[in-house]
Amino acid sequence: MSLVGSYVAFSKPLAAVIPVFLLAWMRFGIGAMAMVRWLKKPPSEPALTPQTKRLLFLESLFGNFLFTLCMMYGVSLTSAVYAGVIMASIPAVVALMSWSFLGERIGWRIWVSIGMGGCGIALLALSGTTVHNGWVASSAPRLTDFQTALGVLLLFGAVLCEAAYSVIGKRLTQAMGPKRITSLINLWGFALSTPMGVYVALQFDFGSVPAPMWLLLVFYALAACVWTVWLWMTGLKVVPAAQGGVFTVLLPISAALVGVLVLGESLDKVQFMALAIALAGVLLATLPRRVPH
């Protein structure tokens, strides 16, 4: 989740020089090349059932394809700090979906956490705070209130996609190994992004991309498609989905830190308060319960 937070933040400078659909297509392509060996079915693994195939498609649709588009467009219209605040609601949403679809029990603290996460997002969205674009501020046009609100909605869409990804992933780990899950959902992501990716690539001037951005793209692709997915699926094999969602608290912290310390974004009082409220909700939901003697 720390890696996810960092690549969420770094997607902003990448999306500033590479169109989003092309960026997504190249990300999945690099990931596919890195995981060719993982596609082969291990002898001990059962054949894919129709239900598992559907889950693999849905896992890629929500967790790879739609999450990538919502996240990159959302960050491009707001900032990494905004993404950090909104992504702080992921643990609560994961818990809610785990309760709805997996039958996992959640207590009153999760419900309060959901409310606090919503308050943090609402404070950010309704504050009218100016988005400071850090290192791109001098070249990027000033964002309107409508664009910022749209960015907030897209980032919350990414939250819903990430939560669905966690819940579906828990089901998949009961039938498949982490490496094969990682490679197959990435392949679906590549297929889904290919039509628009090819269309944009035919009109794009690749020579306009600075050399450091290509290195950042490779890190982004490997982190987003290989490392984070494999680590997450490996963890979900032994951890309940709702408890796994707790660790997504590292995503908003990492995204906000990268935005402020690396990309030169500002963290004003309203944004800090919104992040504090959202993270306080996460803390409430994740503190260990006192066991009666």
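Everything below is about the structure shown above.
I will try to describe carefully the structure that is included in this document. (Residues numbered from 1 in each chain as written. Predicted model: local features only at pLDDT ≥ 70, side-chain atom pairs only at ≥ 80, totals over all residues. Heavy atoms only, no water.)

## Examining the overall build of the protein
Inference 1: What the protein contains, in helices and strands, is twelve helices and zero strands.
Inference 2: When the helices and strands of the protein are placed in sequence order, the string is α-α-α-α-α-α-α-α-α-α-α-α.
Inference 3: The contacts in the protein between residues at least 6 apart in sequence include a share of 91% that link residues at least 24 apart. (Helix = DSSP H or I, 4+ residues; strand = E, 2+ residues; numbered from the N terminus. Contact = heavy atoms within 4.5 Å.)

## Describing the nonpolar core
Inference 1: Ranked by internal contacts, the top residues of the largest apolar core, which has 72 residues, are Y7, V8, F67, M71, M87 and Y220.
Inference 2: When residues of this core are assigned to their parent elements, the largest contribution, 13 residues, is made by helix α9 (residues 211–236).
Inference 3: Residues contacting M71, with those up to four places away along its chain left out, are Y7, V8, S11, M87, L155, A158 and Y220. (Core = buried A, V, L, I, M, F, W, Y, C linked by side-chain atoms within 4.5 Å. Buried < 20%, exposed > 50% of the residue type's maximum accessible area, 1.4 Å probe, protein only.)

## Describing a nonpolar patch on the surface
Inference 1: A grouping of I253, L257, L261 and V262 is seen on the molecular surface, where their side chains present a nonpolar patch of about 380 Å² in accessible area.
Inference 2: Tracing the chain through its elements places L261 in helix α11 (residues 250–261).
Inference 3: Owing to a relative accessible area of 66%, L261 belongs among the exposed residues under this scheme. (Patch = residues over 30% accessible without salt bridge, like charges linked within 9 Å, V, L, I, M, F, W, Y side chains within 5 Å. Areas by Shrake-Rupley, 256 points an atom, 1.4 Å probe, with all protein chains shown as cover. Salt bridge = Lys/Arg side-chain N within 4 Å of Asp/Glu carboxyl O.)

## Brief notes about the side chain of R27
Inference 1: Within the element layout of this structure, R27 appears in helix α2 (residues 20–34).
Inference 2: Buried charged residue R27 carries no salt bridge. Nearest counter-charge: E162, at 8.3 Å.
Inference 3: A polar contact of 2.6 Å, which involves the side chain of R27, links it to the side chain of T68.
Inference 4: Excluding its chain neighbours within four sequence positions, the residues that come into contact with R27 are N64, T68, Y220, A221, A224 and C225. (Lys, Arg positive; Asp, Glu negative; His and termini not counted. Polar contact = N/O pair within 3.5 Å; in protein donor to acceptor, adjacent residues only side chain to side chain.)

## Describing the packing of aromatic side chains
Inference 1: Applying the stated criterion to the full structure yields eight aromatic pairs.
Inference 2: Consider the rings of F10 and F219, whose centres lie 6.3 Å apart with planes at 85°: the pair is edge-to-face. Pair noted here: F10 is in helix α1 (residues 2–17) and F219 is in helix α9, with a separation of 209 residues, a long-range link. (Phe/Tyr/Trp six-rings, centres within 6.5 Å; stacked < 30°, edge-to-face > 60°.)

## Focus: the environment of T49
Inference 1: Looking at where T49 falls in the secondary structure, it is placed in the loop between α2 and α3 (50–77).
Inference 2: The exposure class of T49 is partly exposed, given its relative accessible area of 36%.
Inference 3: For the pair T49 and A175, spaced 126 residues apart in sequence, the C-alpha separation works out to 9.4 Å.

As far as function goes, none of this settles anything; it's purely spatial.
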